[in-house]
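# Close look at the chain arrangement
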Amino acid sequence: MKRHRAAYLRILAFLAIITSAVLPGKAQNDPQYAQYWAIPTFYNPAYAGSLEFIRIRLGANLQWLGIKNAPRTFNGNADMQLKLGKKQRMGVGIIAMQERIGLFDNMMFGAQAAYQIRALKGVFSIGIQPAYYSVKFRGTDVYIPEGDDFHQPDDEALPKQDVSGGAFDLSVGVSYTHKYFSVGVSALHLLEPKVDLQQEGQSETEQAQFSTVIQRQLYFTADGNIPIRNSLFSLQPSLLVRTNFSNFSAEITMRATFKRLFWAGVGYRWKDALSVMAGAEFKNFFLGYAYSYPFSAINRASSGSHELVAGYMIKLNYGEKNKNKHRSIRIM
């Protein structure tokens, strides 16, 4: 009985991973962090330079712990403001992401630029992110469990050798930041680049047998800051909505901050997972941890997901009073 249950769980885990990345066709979705509000430039380049700091963020997401080949994502982001004249500002940044999901190894490196316009007691920002996206599929590790009705050992859509390739990627976004809230809309992988996958050593003139598409994703994000009168606490609600017009995902988060130093919160991802999180900021150092428990059948094989975000900020001094200065609603 235990042997059959273990086999069932292995097949369940395999199907959950492999169905998210099938060749040829659409690639898997972008990784989603429970602490998405802590790495805003990861989902929208318009947030680059939104603070008068050099902001550095590093994140790690270990999803579905206990399952072989489950998603593992690491990202690094850095951004800052640049002064253009006496009042005008723009933001610049860099972003890097490494992801292993199933038999895919994905990497992305990009640069960000955001033009900022002060209006309506806040800041409008328009951002762009050119990037290079590389994909590798480990065909030599393909394993089809016995009794799998989804794939066959002779499936021509699955490479038998390791294949890889890369393509130019482009993302854009807009945002508005006010003293008490911010909203943003972005389109990642705007051109849905096609990546031709070839075996190592194969000539570039030879036609690639396999390909994958980096699927376009549309995001809407919103954040708020609600001070509680006569107390040392404040509340920060956040929302992230994602769609590619065939799939939909939404996550809502509520955090409570004490003395702008310690924070804790909960998050709910629609029909997917419940998250609890906590962290602190001290002398411009930031550290946050989140644990997510899945609601799907994957919880029979996994104890959940773990996530860590760490960072540091360096104050920028432009040598002016900056009467229009506004405080970011994000508690950094």
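Note: the structure precedes this text.
The paragraphs below set out a description of the structure included in this document. Please read these numbers as outputs of a predicted model, since none were measured by experiment. (Residues numbered from 1 in each chain as written. Predicted model: local features only at pLDDT ≥ 70, side-chain atom pairs only at ≥ 80, totals over all residues. Heavy atoms only, no water.)

Right, let's talk about the pairing of strand β10 (residues 210-213) for a bit. For a regular strand, the rule is simple: side chains alternate between the two faces of the sheet. Here β10 shows two buried faces, one formed by Phe210 and Thr212 and the other by Ser211 and Val213. Across four bridges, the pairing between strand β9 (residues 194-199) and β10 is antiparallel. Opposite Leu197, over in β10, you have Phe210 as the bridge partner. (Buried < 20%, exposed > 50% of the residue type's maximum accessible area, 1.4 Å probe, protein only. Helix = DSSP H or I, 4+ residues; strand = E, 2+ residues; numbered from the N terminus. Pairing = 2+ DSSP bridges.)

The phi torsion at Asn69 lies on the positive side, around 65°, for a residue other than glycine. Tracing the chain through its elements places Asn69 in the loop between β2 (53-62) and β3 (72-84).

Our focus in this paragraph is the pairing of β3. Bridging between β2 and β3 involves eight bridges; their strand directions are antiparallel. Paired with Arg57 across the bridge in β3 is Asn77. Judged from the 13 bridges that link them, β3 and strand β4 (residues 88-101) form a sheet pairing that is antiparallel. Across the sheet, residue Phe74 finds its bridge partner in β4, namely Gln98. Between β3 and the antiparallel strand that follows it, β4, lie three residues; Gly85 among them carries a positive phi value of about 75°.

So, on to a nonpolar patch on the surface. Where nonpolar side chains cluster on the molecular surface, the patch consists of Ile126, Val174, Tyr180, Phe181, Val183, Val185 and Phe220 and spans about 570 Å² of accessible area. Of the residues forming the nonpolar patch, the biggest block, three residues, is contributed by strand β8 (residues 181-188). (Patch = residues over 30% accessible without salt bridge, like charges linked within 9 Å, V, L, I, M, F, W, Y side chains within 5 Å. Areas by Shrake-Rupley, 256 points an atom, 1.4 Å probe, with all protein chains shown as cover. Salt bridge = Lys/Arg side-chain N within 4 Å of Asp/Glu carboxyl O.)

Moving on: the nonpolar core. Among the nonpolar cores identified, the biggest contains 34 residues, and Trp37, Phe42, Tyr43 and Val135 are the most heavily contacted of them. For this core, the secondary-structure elements that each account for two or more residues are β4, β5 (104-119), β6 (122-137), β7 (163-177), β9 and β17 (285-294). Among the elements that line this core, the one with the most residues is β6, at four residues. (Core = buried A, V, L, I, M, F, W, Y, C linked by side-chain atoms within 4.5 Å.)

Here Leu316 lies in the segment after β18 (305-315). Accessibility expressed as a relative area gives 13% for Leu316, which makes it buried. Taking the C-alpha atoms as reference, Leu316 lies 9.4 Å from Leu82; in sequence the two are 234 residues apart. The residues contacting Leu316, other than those within four sequence positions of it, are Glu52, Phe53, Ile54, Met80 and Gln81. (Contact = heavy atoms within 4.5 Å.)

Scope: geometric values only; no functional claims are made or implied.
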